[in-house]
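These are the residues of each chain, in order.
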Amino acid sequence: MNYLENVWHAGIPALFFWLVFIYSMHHNRSRYRNTFLLMMAGCFSIPFVCSLTGEYATTTFVVLLLLIILLILFVPIGLIWNGILMWRREGRSLGNLLSLVFGLIIGIGEIATFIFVLLTGSQVVDRWSDFLSHISQGLFFISISVIYVSLVFVSFMFTACFYKSFLIKEILIMSSFMAAGCIKMEQ
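The written sequence of each chain sets the order in which its residues are numbered from 1. Since the coordinates come from a predicted model, pLDDT governs what is reported: local features require at least 70, and pairs of side-chain atoms require 80 or more to be given and counted, while whole-chain, interface and lining totals use all residues. Working from all heavy atoms in the structure, the side-chain values ignore hydrogens and water.

Undergrad: Which residues make up the packing of helix α1 (residues 3-27) against helix α2 (residues 32-52), and what values do they have?
TA: Only the stretch in contact is used when fitting a helix axis, every axis being a line fitted to C-alpha atoms; angles between N-to-C directions are given from 0 to 180 degrees. Every helix listed is a DSSP run of H or I at least four residues long, and every strand listed is a run of E at least two residues long, numbered separately from the N terminus. Packing of α1 against α2 brings their axes to within 8 Å, and their N-to-C directions diverge by 160 degrees. In terms of orientation, α1 and α2 fall into the roughly antiparallel class. Crossing angle aside, the handedness with which α1 passes α2 is left-handed. Residue polarity is assigned by list, with Asp, Glu, Lys and Arg as charged and Ala, Val, Leu, Ile, Met, Phe, Trp, Tyr, Cys and Pro as nonpolar; anything else, Gly included, falls into the polar class. Within the contact of α1 with α2, the residues separate by chemical class into 18 nonpolar, 8 polar and 1 charged. Each angle receives one of four descriptions, namely roughly parallel if under 35 degrees, roughly antiparallel if over 145, roughly perpendicular if within 65 to 115, and oblique otherwise. In this scheme, a crossing is called left-handed if the near helix is turned counterclockwise away from the far one by less than a right angle; it is called right-handed if the turn is clockwise.

Undergrad: Can you explain the layout of surface pockets? Please cite residues and give values.
TA: For each structure, a 1 Å grid was placed over the protein atoms alone; sets of points admitting a 1.4 Å probe that cannot get out are labelled cavities, open sets with protein on both sides within 12 Å along at least five of seven lines are labelled pockets, and lining residues have an atom within 4 Å of a point. Grid points are joined across faces, edges and corners, and a volume is the space filled by probe spheres set on the points. Quantified by volume, the largest pocket comes out at close to 500 Å³. In this structure, the largest pocket is lined by 17 residues; those nearest its centre are Gly-42, Cys-43, Ile-68, Leu-71 and Phe-158. Of all the elements, α2 adds the most residues to the lining of the largest pocket, at 7 residues. Looking at the lining of the largest pocket residue by residue, the classes come out as 14 nonpolar, 3 polar and no charged.

Undergrad: Just give me the short version of the side chain of Asn-34, but keep the residues and values in it.
TA: Among the structural elements, Asn-34 can be located in helix α2. The rule is simple: take the accessible area with a 1.4 Å probe, protein chains only, and divide by the maximum for that residue type; under 20% is buried, over 50% is exposed, in between is partly exposed. When its relative accessible area of 0% is taken as the criterion, Asn-34 is described as buried. Polar contact criterion, stated in full: a pair of N or O atoms within 3.5 Å, where within protein one must be able to donate a hydrogen and the other to accept it, and residues adjacent in sequence count only if both atoms are side-chain atoms. A distance of 2.5 Å separates polar atoms of two side chains, one belonging to Asn-34 and the other to Ser-24. Whether two residues are in contact is decided by their heavy atoms: any pair within 4.5 Å suffices. If we ignore the near neighbours within four places in the chain, the residues touching Asn-34 are Phe-21, Ser-24, Met-25, Asn-28, Arg-29 and Tyr-163.

Undergrad: Outline the side chain of Ser-150, listing residues and values.
TA: For Ser-150, the location among the structural elements is in helix α6 (residues 129-165). On the accessibility criterion, Ser-150 (0% relative accessible area) is buried. Sequence-distant contacts of Ser-150, that is, excluding residues within four places in its chain, are made with Ile-72, Val-75, Ile-106 and Glu-110.

Undergrad: Just give me the short version of the packing of α2 against helix α3 (residues 57-90), but keep the residues and values in it.
TA: The interhelical angle for the contact between α2 and α3, taken along N-to-C directions, is 145 degrees, at an axis separation of 8 Å. The crossing of α2 and α3 is right-handed. Only Ala-57, Thr-60, Phe-61, Leu-64 and Ile-68 of α3 make contact with α2, whose side of the interface consists of Ile-46, Val-49 and Cys-50. Residue classes in the contact of α2 with α3 are distributed as 7 nonpolar, 1 polar and no charged.

Undergrad: Just give me the short version of the packing of aromatic side chains, but keep the residues and values in it.
TA: Each Phe, Tyr or Trp ring (for Trp, its six-membered ring) is paired with any other whose centre lies within 6.5 Å, and the angle between the two planes then decides the class: stacked below 30 degrees, edge-to-face above 60, tilted in between. One pass over the full model with this rule turns up 3 aromatic pairs. Considering the side-chain rings of Phe-17 and Phe-44, the 4.9 Å spacing of their centres and the 10 degrees angle between planes classify their relative orientation as stacked. Remark: Phe-44 occurs in helix α2 and Phe-17 occurs in helix α1; sequence separation between them is 27 residues. Classification of Phe-17 by relative accessible area gives buried; the value is 17%. For Phe-44, a relative accessible area of 31% puts it in the partly exposed group. A centroid spacing of 6.0 Å and a plane angle of 85 degrees characterise the contact between Trp-18 and Phe-21, whose relative ring orientation is edge-to-face. Of this pair, Trp-18 and Phe-21 are both found in helix α1, 3 residues apart, which corresponds to roughly one turn of the helix.

Undergrad: If you had to explain α2 to someone new, which residues and values would you point to?
TA: Counted at 1.5 Å a residue, the expected span for α2 with its 21 residues is 30 Å, and the 31 Å between its end C-alpha atoms agrees. Maximal helix bending in α2 amounts to about 25 degrees, located at Ser-45; proline Pro-47 follows within four positions. Every buried residue of α2 is accounted for by Asn-34, Thr-35, Leu-37, Leu-38, Met-39, Met-40, Ala-41, Ser-45, Ile-46, Cys-50 and Ser-51. Once α2 ends, the next one or two residues include Gly-54, with phi positive near 65 degrees. One fewer than the residue count of a helix, multiplied by 1.5 Å, yields its expected span. What we call the bend at a residue is the angle made by axes fitted to the seven residues finishing there and the seven residues starting there.

Okay, structure coming up:
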């Protein structure tokens, strides 16, 4: 395939999800699907951006992948920091510890992901294969769950930034996993 065919084939799914996202946001701004559609549009935009760079597509992909990994690693740090600030400023209640506990759980899950990658790539697996196969399955499940939750959190963050950048006069209230709705701000 030539350059224009690559750009065209990579751009169709990205354009589709961006158009669906814009339509959905125009229809109802407070839906969880907007966050999911923004995440899908972003994911399908990665091959499009890589195809635009031509012969530097591999380098572009590696740079974008490293940025995504850094964003995922930032999630527990941001949640723990937010939890500490909430605990100090708003009191020591169970509800104010939610962000801190959630950040610790995601941090432990990311450590489990790191251990899973190390165990499956090392020669230790060959020696203790029966014992480690059960541990690896558990770590794999934890890893996939944590990566999904981290990506959803990053998507919520980008959705909030997207709303803020277009000066929408509404506040998106987010609980730990799902959007609760919109409240109009007084002017």
